[in-house]
Amino acid sequence: MSSVWMYAQDSGYTSRHSLVGFTVEAADGVIGHVDRQQDQPGMQHLVVDTGAWVFGQSVLIPAGAITVIDTEAQTVKVAPSREQIRVAPRFTTDSETADHRYLSAVGNY
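The notes below deal with the structure included here. Remember, it's a predicted structure, so these values are computed and weren't measured experimentally. (Residues numbered from 1 in each chain as written. Predicted model: local features only at pLDDT ≥ 70, side-chain atom pairs only at ≥ 80, totals over all residues. Heavy atoms only, no water.)

This brings us to the packing of aromatic side chains. Note on aromatic pairs: each is described by the distance of the centres and the angle between the planes. Scanning the model with the defined rule gives one aromatic pair in all. Both rings, one in Tyr 7 and one in Tyr 13, keep their centres 3.8 Å apart while their planes meet at 5 degrees; by these two values the pair is stacked. (Phe/Tyr/Trp six-rings, centres within 6.5 Å; stacked < 30°, edge-to-face > 60°.)

This is the structure:
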């Protein structure tokens, strides 16, 4: 797996902080809230509950897409726009977080 599955060193990520419940924001608006967090090295990502924004579905955000983590404000800022996230490969089940074909599709996107 590539660096898209790892937090950038300047993102503010620390392994001792849970991001569950944090608000996820793109430059053009809120995406949703962190529902689950995967911290396995080389496969780090967030599962974000989008609420009604994407028809109540969740999206998988690779750690490499995260630009800033603000633990005080409890926000995670991401590089992709809301539209880019909306049309990304759809996340449907937790088993996809271990499916290399799905993760490759997300990483390549």
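Picking up where we left off.
Let us now look at the pairing of strand E5 (residues 66-70). Regular strands place their side chains on alternate faces of the sheet. Two strands pair when backbone bridges link them, and E5 and strand E6 (residues 75-78) are joined in this way by four bridges, in the antiparallel orientation. Paired with Ile 66 across the two strands is Val 78, which belongs to E6. In sequence, E5 turns back onto E6 through a hairpin of four residues, with Gln 74 there showing a positive phi of about 55 degrees. (Pairing = 2+ DSSP bridges. Helix = DSSP H or I, 4+ residues; strand = E, 2+ residues; numbered from the N terminus.)

Before going further, it helps to examine the side chain of Thr 75. Within the element layout of this structure, Thr 75 appears in strand E6. In this view, Thr 75 contacts Phe 22, Thr 23, Glu 25, Val 68, Ile 69 and Asp 70; residues no more than four positions away in its chain are not counted. (Contact = heavy atoms within 4.5 Å.)

Glancing now at the pairing of strand E1 (residues 23-26). By the alternation rule, side chains of E1 split into Thr 23 and Glu 25 and Val 24 and Ala 26, which are all buried. When E1 meets strand E2 (residues 29-38), the two strands line up antiparallel, connected through four bridges. Each residue of the ladder has a partner; that of Ala 26, found in E2, is Gly 29. Between the end of E1 and the start of E2, which pair antiparallel, lie two residues. As paired strands, E1 and E6 are joined by three bridges and run parallel to one another. Bridge pairing in E6 places Val 24 opposite Val 76. (Buried < 20%, exposed > 50% of the residue type's maximum accessible area, 1.4 Å probe, protein only.)

The next subject is the layout of surface pockets. When its volume is computed, the largest pocket comes out at roughly 270 Å³. If you go around the largest pocket, you meet 16 residues; those closest to its centre are Pro 62, Ala 65, Pro 80, Val 106 and Tyr 109. Of all elements in the fold, only strand E4 (58-62), helix H1 (82-86) and helix H2 (100-108) reach the threshold of two or more residues within the lining of the largest pocket. Counting residues per element, the lining of the largest pocket draws most heavily on E4, which supplies four residues. For the lining of the largest pocket, the class distribution of residues is 13 nonpolar, three polar and no charged. (1 Å grid on protein atoms, 1.4 Å probe; cavity = no way out; pocket = protein on both sides within 12 Å on 5 of 7 lines; lining within 4 Å. Points joined across faces, edges and corners; volume = space filled by probe spheres on them. Nonpolar A, V, L, I, M, F, W, Y, C, P; charged D, E, K, R; others polar.)

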